[in-house]
Amino acid sequence: MPSLKFCANLSWLFTDLPEFTQRLHAAAASGFRAVEAAWLYESDLKELQKAKEQTGLEVVLINTPPGDVKNGELGLGAVPGRETDFRRGLDLAVMYAKALDCRRIHLMAGRVPVGVDRATVAMEMEATFVENLKHAAHVLSKEGILGLIEPINTRITDPRYYLDTPHQAAAIVQKVDQSNIMLQMDVFHWQIMDGNLTQNIQKYFPLIGHVQIAQVPGRNEPDSPGEVNYPYLFSLLEKLGYQGYIGCEYKPLGTTDAGLGWVREYWKSHR
């Protein structure tokens, strides 16, 4: 069985360092060989490239731009009327991905508009998302980049996020029906919304293109107190032959480095 590969999410880890370039160096010094991040668009691209070359790290994943954050946006993929802005943001994400040799982009769905009932706009938002994803698949296929969609829980994290369950996300991936559009499984969100992790992972495994982890409910290190048995899940992913990356997207209880004992133990036991 192949060993699992972990990458540091620089939007969550090493946040005591203000610059992403500094976090790249910190991740490398801590033993990571790969990183991911949500939004790098306020960082100087040439400086990011320089830090990547200096550290030898692989950049695994970035997100499409969130849209107008001040007005409550968190992605535009499923938002009717924002198709042009979604495509413009996709082009920016592709530019950064190509410059950093990043092969995965999380195509953020976005939120249900304020004051609107989710049920009344569900069909329109799904149709918008499917069409935007088909466009993204065409754009990304030219660059050899994988597009990912991630359900985000609406019980704790984001009550208005449009895409919120693994079942909804899998159905949309199947409707888009393009080999370079897959699921991003964040175990934190899947556990909160549906549980039944073993069955869901096995059922949707052929559609999973990236994994992220955090303990539930605190969203801290995977070995912190909580309801998810990560040693079991890691073993399951190994048995299933998962060969992608696992993003460490959690809030450290203390310093990032002090909370990395779990991954260092995994690395040590899988040499």
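Going by the structure above, here's the rest.
Residues numbered from 1 in each chain as written. Predicted model: local features only at pLDDT ≥ 70, side-chain atom pairs only at ≥ 80, totals over all residues. Heavy atoms only, no water.

When we look at burial in helix α8 (residues 230-240), the residues that qualify are Tyr230, Leu233, Phe234, Leu236, Leu237 and Glu238. The opening residue of α8, the one whose side-chain oxygen lies 3.2 Å from the backbone nitrogen of Tyr232, is Asn229. One or two residues past the end of α8 sits Gly241, with phi positive at roughly 80°. (Buried < 20%, exposed > 50% of the residue type's maximum accessible area, 1.4 Å probe, protein only. Helix = DSSP H or I, 4+ residues; strand = E, 2+ residues; numbered from the N terminus. Polar contact = N/O pair within 3.5 Å; in protein donor to acceptor, adjacent residues only side chain to side chain.)

Another point: the pattern of salt bridges. Counted under the stated rule, the structure contains 10 salt bridges. The partner of Arg103 in a salt bridge is Asp101, and the shortest N-O contact between them spans 3.2 Å. Residue classification places Arg103 among the partly exposed positions, given a relative accessible area of 30%. Within the structure, one salt-bridge network assembled from shared partners comprises Glu73, Arg82, Asp85 and Arg88. (Salt bridge = Lys/Arg side-chain N within 4 Å of Asp/Glu carboxyl O.)

Considering all chains together, one arrives at 1 cavity of 30 Å³ or more under this definition. Taken together, Leu10, Phe20, Leu24, Val35, Glu36, Ala37, Leu40, Leu48, Lys52, Val59, Leu61 and Leu100 form the lining of the largest cavity. Residue assignment for the lining of the largest cavity shows that the elements contributing at least two residues are α1 (20-29), β2 (34-36), α2 (45-55) and β3 (58-63). Per-class residue counts for the lining of the largest cavity are 10 nonpolar, no polar and 2 charged. (1 Å grid on protein atoms, 1.4 Å probe; cavity = no way out; pocket = protein on both sides within 12 Å on 5 of 7 lines; lining within 4 Å. Points joined across faces, edges and corners; volume = space filled by probe spheres on them. Nonpolar A, V, L, I, M, F, W, Y, C, P; charged D, E, K, R; others polar.)

Turning to the packing of aromatic side chains, a few remarks are in order. The full count for this structure, using the stated rule, is 12 aromatic pairs. Measuring from centroid to centroid gives 6.3 Å for Phe129 and Tyr162, while their planes differ by 85°, and the two rings are edge-to-face. Taken together, the residues Phe129 in helix α4 (residues 118-141) and Tyr162 in the loop between β5 (146-149) and α5 (166-176) connect sequence positions 33 residues apart. The class for Tyr162 is buried, based on a relative accessible area of 4%. (Phe/Tyr/Trp six-rings, centres within 6.5 Å; stacked < 30°, edge-to-face > 60°.)

Our next topic: the nonpolar core. One finds Phe6 and Leu183 to be the most contacted residues of the largest nonpolar core, which totals 88 residues. When residues of this core are assigned to their parent elements, the largest contribution, 9 residues, is made by α4. Setting aside residues no more than four positions away along its own chain, Phe6 makes contact with Phe32, Ala34, Ile213, Phe234, Tyr245, Ile246, Cys248, Trp262, Val263, Tyr266 and Trp267. (Core = buried A, V, L, I, M, F, W, Y, C linked by side-chain atoms within 4.5 Å. Contact = heavy atoms within 4.5 Å.)

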